[in-house]
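Structural overview for review
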Amino acid sequence: MTGRTQVTLLIKRTLVEQAVDQLRDRIAQGTWSIGQRLPTEPELASDLGISRNTVREAMRVLAFSGLVEIRQGDGSYLRTAQDPLQAVQAMAHCTVEHARETRHILEAEAIGLAALRRTEQDLRELRQALQHSAAHFQGDVDAYVECDINFHQRLVDAAHNPALSELYRYFSGVAAAALQHNMTTVPRCQAVFDLHEQILDAVAQRDPELAKRLSRTLIES
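Per an unreviewed UniProt entry, the protein goes by the name FadR family transcriptional regulator and belongs to Pseudomonas oryziphila.

On to the overall build of the protein. Along its length, the protein carries ten helices and two strands. Put simply, of all contacts in the protein between residues at least 6 apart along the chain, 67% involve residues at least 24 apart. For the protein, the accessible area works out to roughly 12,000 Å², and carbon and sulfur atoms hold 53% of it.

Applying the stated criterion across every chain yields a total of three aromatic pairs. Measuring from ring centre to ring centre gives 5.3 Å for F137 and Y144, while their planes differ by 70 degrees; the resulting arrangement is edge-to-face. No difference in accessibility class separates F137 from Y144, as the two residues are buried. Centroid distance Y144 to F193: 6.3 Å. Interplanar angle 55 degrees. Geometry classified as tilted. Taken as a pair, Y144 in helix α7 (residues 141-157) and F193 in helix α9 (residues 190-204) lie far apart in primary sequence, 49 residues in all. Y144 gets classed as buried once you look at its relative accessible area, which sits at 3%.

We now examine the nonpolar core. V145, F151, L155, F171, M183, I199 and V203 are the most contacted members of the largest nonpolar core, which has 34 residues in total. Elements supplying a minimum of two residues to this core: α5 (96-117), α6 (120-136), α7, α8 (162-185), α9 and α10 (208-220). The element contributing the most residues to this core is α8, with eight residues. If we ignore the near neighbours within four places in the chain, the residues touching M183 are F137, V141, Y144, V145 and R188. Counting 18 residues, the second-largest nonpolar core is a separate cluster that includes V16, A58, L62 and V68.

The topology assignment puts R79 in the loop between β2 (75-78) and α4 (85-92). For R79, a relative accessible area of 15% gives the class buried. If sequence neighbours within four positions are ignored, R79 has contacts with I34, G66, L67, V68, E69, E166 and R169.

This part is about the pattern of salt bridges. In total, this model carries 14 salt bridges according to the counting rule given. Between D157 and R169 there is a salt bridge whose closest N-O contact spans 3.4 Å. With D157 in helix α7 and R169 in helix α8, this pair connects stretches of sequence that are twelve residues apart. Overlapping salt bridges, with partners in common, bring together E109, E209, K212 and R216 in one network.

Before going further, it helps to spend a moment on the pairing of strand β1 (residues 68-71). In terms of strand pairing, β1 meets β2 through four bridges, oriented antiparallel. Counterpart to E69 in the pairing with β2 is Y77. The hairpin turn running from β1 into β2, its antiparallel successor, is three residues long, and G73 in that turn takes a positive phi close to 80 degrees.

Now for unusual backbone geometry. Unlike most non-glycine residues, H160 shows phi in positive territory, near 55 degrees. Relative to the elements of secondary structure, H160 occurs in the loop between α7 and α8. Looking at H160, the relative accessible area reads 45%, which means it is partly exposed. The backbone of R206 sits at a positive phi, close to 55 degrees, despite the residue not being glycine. Checked against the element boundaries, R206 lands in the loop between α9 and α10. Note on R206: relative accessible area 41%, which makes it partly exposed.

Calculation notes
Residues numbered from 1 in each chain as written. Predicted model: local features only at pLDDT ≥ 70, side-chain atom pairs only at ≥ 80, totals over all residues. Heavy atoms only, no water. Helix = DSSP H or I, 4+ residues; strand = E, 2+ residues; numbered from the N terminus. Contact = heavy atoms within 4.5 Å. Areas by Shrake-Rupley, 256 points an atom, 1.4 Å probe, with all protein chains shown as cover. Phe/Tyr/Trp six-rings, centres within 6.5 Å; stacked < 30°, edge-to-face > 60°. Buried < 20%, exposed > 50% of the residue type's maximum accessible area, 1.4 Å probe, protein only. Core = buried A, V, L, I, M, F, W, Y, C linked by side-chain atoms within 4.5 Å. Salt bridge = Lys/Arg side-chain N within 4 Å of Asp/Glu carboxyl O. Pairing = 2+ DSSP bridges.

Put into structure tokens, the structure is as follows:
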């Protein structure tokens, strides 16, 4: 890595960190209320005097920390004014095996509940989310990971248990990192992606045992 490249990366990281700090300060000051849709990237870029790319990266940091929820095609919403960064940092230190165990306990069981409690609206949103994932499966890794995590979050949300949904949002950063690692080291397998469709079918059919079994198969894939 050249000296110029190192300086460029340092400046970029510093700008993102500064943007994150500014946005956290505004959240702490009550600039936006919980559940409120945040200004658009262009609006925030103009307000903070930074580029849209810097805003986008800063919002991803806030999303991974649990402060903000990014809804694809809809915008970003304030989830909480209490920064759960410490909990997220603790999760970041878990091993691959610990992450897998957590997914079995949290995700698979939540999906079993989703099969019992899902609504028709849940199914519509899940099908739409899966379509977005399918469109990116053979393309850009970052785009696919974002779509896939959104799909899994909606599966957990379909259990209609706020505590499970909240726990999975905190954990989703770990799941995203593991998925991104797998997709950059292991050839993509259509059969693995097809498990998502099978899980959705099991949820639609209100078959919790099949949904959990397929979910565990996907986790181990």
